[in-house]
Amino acid sequence: MTATGAESGAGVGRREVRRTSMVSLLGSTIEWYDFFIYGTAAALVLNTAFFPSVDPFVGTLAAFSSFAVGFLARPIGGIIWGHFGDRIGRKKALVSALFLMGASTTLVGLLPSYATIGVAAPVLLFVLRILQGLAVGGQWGGAVLIATEYAPPHRKGFYGSFPQLGVPIAVIVSNGLFLALEAGLGEEAFESWGWRVPFLLSILLIGVALYAQLRLEETPAFKEIAARDVSGAEGAPKKRSPIIEVLRSHPKQVILAAGSFIAVNGGFYIYIVYALSYGVKVLDLPESTMLVGILGSSAVNLALIPLFALLSDRVGRRPVYLAGAVGTVVAAFPVFWLIDTRSTFLIFLGLLIGGIANSAMYGPQAALFAELFSAEVRYSGASLGYQIGAVLGGGLAPLIAASLYEATGTSASTSWYLLAMGVVTAVSAWLLHETHRPKEFV
């Protein structure tokens, strides 16, 4: 795949590249923190605060259903923000998504419980979760394109991994904060009001959005598109909806991008959301044991994501991504074998094994998805592929895993589910063409 000078990041100063990378990292970290604290809260307290039930399993399913509804909104967010990101600019779309996420998450922390306002509480919770889904559906594409469209051609994988790093950082911060609050406040105070504190801290994201609005410039690739459009030069994009254009011109890439993301997102939420609930509610382990395992494995993967991204700059995106997909298949049963031992160290090891395979895919993914689509429809195409994969993978994963265990009484059912997602992702990645030719092979 070739790129124009502007699209490749040529002529952009290192300082500007570093600034955009840091903003994409910071914005992505807080955005994903906002999204993840809901998952942690769903596994720990939302079932009793908003979905009281005689049957704990029903309450857990209701909490995970509210978690899943955010994923159902993500493709819609990808379509909306993709349209404006391709039409009016990457920066404006990203900033508006950050504002929406910061506001909706803060409001979750202020929402009265079922005991206070009755059925209105879970209804409003669902609405705010939908707004979160819309926001994250638009944020990912903006953060990734700001990072990759400023990056030099031979380092798009590495700089594209900066917004991806927001995920493990957000996991560490969100779970660490819940762990600290529960330990410091005690279980009663934590379940009464302490769980709200992480949501209220989300107001910081609005500050990041303001900084991005004031300090960032539009990406070189979008400036070039806008200049061609204004001048009426040959090659200017047609005036049709970007989402219609991407489905017309890149349908295969959208479908395969979505398929290649299923195991990445599904496996991730199995490891950080369902595993937490499974360990606490099924294995009767302390919440701290599971949170330590999740935090420890996330810390290691924080270092692995940019390393796998750098490797993709040297050998290509497809080999690294395929290795991660195959790794997910191989690790599907060992992960839960190790969790079932109830050993803190072995739980950490199991989550780490699954996380390494996940990082091999997530590291190069931003550059891979950006390179699949032409600049005129890149925001729409990358966002749509990513968010459809998120719905099919991560959005339903905790709900399906909980239901599988309830039906079978064994963690093996979840392992088979992980394995199936890994196979779908491996086949999709195999069918994708290589998007990056390392320098020595050009």
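Residues numbered from 1 in each chain as written. Predicted model: local features only at pLDDT ≥ 70, side-chain atom pairs only at ≥ 80, totals over all residues. Heavy atoms only, no water.

Q: Outline the overall build of the protein, listing residues and values.
A: In terms of helices and strands, the protein carries 19 helices and zero strands. Residues classed as buried in the protein amount to 60% of the 442 residues present. Sequence-distant contacts in the protein: of pairs separated by 6 or more residues, those separated by 24 or more amount to 86%. (Helix = DSSP H or I, 4+ residues; strand = E, 2+ residues; numbered from the N terminus. Buried < 20%, exposed > 50% of the residue type's maximum accessible area, 1.4 Å probe, protein only. Contact = heavy atoms within 4.5 Å.)

Q: Outline the confidence of the model for the protein, listing residues and values.
A: For the protein, per-residue confidence averages 84 on the pLDDT scale, and residues scoring 70 or more make up 89% of the total. Across residues 1-8, where pLDDT falls below 50, the model places 19 contacts with residues more than four positions away in sequence or in other chains. (pLDDT = per-residue confidence, 0-100.)

Q: Can you break down the nonpolar core residue by residue, with the values?
A: One broad trend across soluble globular proteins is that nonpolar side chains are buried collectively. Grouped together as the largest cluster of nonpolar side chains are 114 residues, with contacts concentrated most on Trp 32, Phe 36 and Ile 270. Ignoring any residue separated from it by four or fewer positions in sequence, one finds Trp 32 in contact with Arg 74, Val 136, Gln 139, Trp 140, Gly 166, Val 167, Ala 170, Tyr 269, Tyr 362 and Tyr 386. (Core = buried A, V, L, I, M, F, W, Y, C linked by side-chain atoms within 4.5 Å.)

Q: Tell me what's going on with the packing of helix 13 (residues 251-282) against helix 15 (residues 317-339), and back it up with residues and numbers.
A: Remark: helix 13 packs on helix 15, axes separated minimally by 10 Å, with the N-to-C direction vectors making an angle of 20°. In terms of orientation, helix 13 and helix 15 fall into the roughly parallel class. Seen along the crossing, helix 13 lies across helix 15 with a hand that is left-handed. For the pair helix 13 and helix 15, the contacting residues are Ser 260, Phe 261, Ala 263, Val 264, Ile 270, Tyr 271, Tyr 274, Ala 275 and Tyr 278 in the first and Tyr 321, Thr 328, Val 335, Phe 336 and Ile 339 in the second. (Axes fitted to C-alpha atoms, helices over the stretch in contact; angles between N-to-C directions. Parallel < 35°, antiparallel > 145°, perpendicular 65-115°, else oblique. Left-handed = near helix turned anticlockwise from the far one by under 90°.)

Q: So what's going on with unusual backbone geometry? Which residues, and what values?
A: Even without being glycine, Asp 284 reaches a positive phi, approximately 60°. Locating Asp 284 in the fold gives a position in the loop between helix 13 and helix 14 (287-315).

Q: Tell me about the packing of aromatic side chains, and name the residues and values.
A: Tallied over the full model, the rule gives 15 aromatic pairs. Ring centres 5.8 Å apart and planes at 20° place the aromatic pair Tyr 159 and Phe 162 in the stacked group. Of this pair, Tyr 159 and Phe 162 are both found in helix 7 (residues 156-185), three residues apart, which corresponds to roughly one turn of the helix. Relative accessible area serves as the criterion here: at 12%, Phe 162 is assigned to the buried category. (Phe/Tyr/Trp six-rings, centres within 6.5 Å; stacked < 30°, edge-to-face > 60°.)

Q: Mind laying out a positive patch on the surface, listing which residues take part and the relevant values?
A: The grouping of Arg 14, Arg 15, Arg 18 and Arg 215 at the surface amounts to a positive patch. A per-element tally of the positive patch places helix 1 (residues 14-44) first, with three residues. Relative to the elements of secondary structure, Arg 15 occurs in helix 1. The exposed category is assigned to Arg 15, whose relative accessible area is 62%. (Patch = residues over 30% accessible without salt bridge, like charges linked within 9 Å, V, L, I, M, F, W, Y side chains within 5 Å. Areas by Shrake-Rupley, 256 points an atom, 1.4 Å probe, with all protein chains shown as cover. Salt bridge = Lys/Arg side-chain N within 4 Å of Asp/Glu carboxyl O. Lys, Arg positive; Asp, Glu negative; His and termini not counted. Charge placed at Lys NZ, Arg CZ, Asp CG, Glu CD.)

Q: Describe in detail the pattern of salt bridges, supporting the description with residues and values.
A: Within this structure, the stated rule accounts for six salt bridges. Here Asp 86 ties to Arg 90 by a salt bridge, and the two come within 2.9 Å at their closest N and O atoms. Arg 90 shares its class with Asp 86; the two are buried. Taking the shortest distance from any N to any O, the salt bridge between Arg 248 and Glu 245 comes out at 2.9 Å. Of this pair, Arg 248 and Glu 245 both sit in helix 12 (residues 242-249), three residues apart, which is roughly one turn of the helix. Through salt bridges that share partners, Asp 86, Arg 90, Glu 149 and Arg 378 make up one connected network.

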